[in-house]
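Coordinate inspection notes
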Amino acid sequence: MKIMADKRNVFITGSSSGIGRRLLDEFCRDEFRVFATVRQPRLKAFQESLKGKYSNVIPFVLDVTNLDEGTEVIRTVENKYGPIDILINNAGISYRTVVEEMSEPDEAIQMATNYLGPMHLVRMVLPGMRQKKSGHIINISSVGGMMAMPTMSAYSASKFALEGASESLW
């Protein structure tokens, strides 16, 4: 049974700390229902930290590099609560190293976390947004997506990709 659109559905990745955690404070209002995602190892501590403070936050486990998990979480949310109104792709990772010392697995994880995972979630929520003719997608990036920095080639590449895709969506 789908709950009616009494609140705006906000989906935030990387909610356990930093910008993601701060976003919970911004959306801690009655007009929002927040789906806050964290990776499995942080779930229990995250749930404990929500008690008594964030009654409108529903936590989910999500590793954005796992596209099947992303599909399942978005479908679960949309089936129960309706389309996502605001997607905030906040989860991110940065490895600092010179190019010749960056391992291919670490580079792949960085691309999956900073670009491929967020774009998969965008593809998942866009049909509902297009159907409603409304919605917002916010991809958290960094200056590293506009200006490459020494020892951050893979990070900059992943953020440049996210910047380009975001500009295309805009």
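For the structure, check the block above.
Keep in mind that this is a model prediction, so the values were computed, not measured.

1. Topic: the pairing of strand E2 (residues 32-38)
Burial runs high along E2: seven of the seven residues are buried. Neither face of E2 is left uncovered, since the one carrying Phe32, Val34, Ala36 and Val38 and the one carrying Arg33, Phe35 and Thr37 both have all their residues buried. Bridge count for strand E1 (residues 8-12) against E2 is five bridges, and the pairing is parallel. What sits directly across from Arg8, in E2, is Phe32. Once the chain exits E1 it traverses helix H1 (residues 18-26) before rejoining the sheet at E2, and the crossover so formed is right-handed. In this structure, E2 lies alongside strand E3 (residues 57-61), joined through five bridges in parallel fashion. Within E3, the residue paired with Val34 across the bridge is Val57. The β-α-β motif built from E2, the intervening helix H2 (residues 43-50) and the parallel element E3 has right-handed crossover chirality.

2. Overview of the packing of aromatic side chains
Tallied over the entire structure, the rule returns three aromatic pairs. Summarising the aromatic geometry, the rings of Phe27 and Phe32 are spaced 4.9 Å apart at their centres and angled 85 degrees between planes, so their arrangement reads as edge-to-face. You'll find Phe27 and Phe32 in the same group, each marked buried. Where Phe35 meets Tyr81, the ring centres are 5.1 Å apart and the plane angle is 50 degrees; that geometry is what we call tilted. Within this pair, whereas Phe35 is found in strand E2, its partner Tyr81 is found in helix H3 (residues 67-81), the two being separated by 46 residues in sequence. With a relative accessible area of 0%, Phe35 lands in the buried category.

3. A word on H2
Those residues of H2 lying buried are Leu43, Phe46 and Leu50. Viewed along the axis of H2, the buried residues span an arc of 65 degrees, placing them on a single side of the element. Relative to its buried face, H2 has exposed residues pointing more than 90 degrees away, namely Lys44 and Ala45. Buried residues along H2 sit in contact with H1, E2 and E3.

4. Some words on the packing of H3 against helix H4 (residues 104-132)
Where H3 meets H4, the axes come as close as 10 Å, and the angle between the chain directions of the two elements is 30 degrees. On the basis of the axis angle, H3 is roughly parallel to H4. Read as a crossing pair, H3 and H4 show a hand that is right-handed. Contact residues: Leu67, Gly70, Thr71, Ile74, Arg75 and Glu78 in H3; Leu116, Gly117, His120, Leu121, Met124 and Val125 in H4. Among the residues forming the contact of H3 with H4, the class breakdown is six nonpolar, four polar and two charged.

5. With respect to the pattern of salt bridges
Considering all chains together, one arrives at seven salt bridges under this definition. For the salt bridge of Asp25 with Arg22, the shortest nitrogen-to-oxygen distance reads 3.7 Å. Residue Asp25 and its partner Arg22 are both found in helix H1; the two are separated by three residues, about one turn of the helix. What makes Arg22 partly exposed here is its relative accessible area of 46%. With a closest N to O distance of 2.9 Å, Glu48 and Lys51 form a salt bridge. Among the residues examined, Lys51 registers a relative accessible area of 57% and is labelled exposed. It is possible to trace a salt-bridge network through shared partners that takes in Arg22, Asp25, Glu26 and Lys53.

Conventions and cut-offs
- Residues numbered from 1 in each chain as written.
- Predicted model: local features only at pLDDT ≥ 70, side-chain atom pairs only at ≥ 80, totals over all residues.
- Heavy atoms only, no water.
- Buried < 20%, exposed > 50% of the residue type's maximum accessible area, 1.4 Å probe, protein only.
- Helix = DSSP H or I, 4+ residues; strand = E, 2+ residues; numbered from the N terminus.
- Pairing = 2+ DSSP bridges.
- Right-handed = clockwise from strand over helix to strand, strands pointing away.
- Phe/Tyr/Trp six-rings, centres within 6.5 Å; stacked < 30°, edge-to-face > 60°.
- Arc of directions from axis to C-beta.
- Contact = heavy atoms within 4.5 Å.
- Axes fitted to C-alpha atoms, helices over the stretch in contact; angles between N-to-C directions.
- Parallel < 35°, antiparallel > 145°, perpendicular 65-115°, else oblique.
- Left-handed = near helix turned anticlockwise from the far one by under 90°.
- Nonpolar A, V, L, I, M, F, W, Y, C, P; charged D, E, K, R; others polar.
- Salt bridge = Lys/Arg side-chain N within 4 Å of Asp/Glu carboxyl O.

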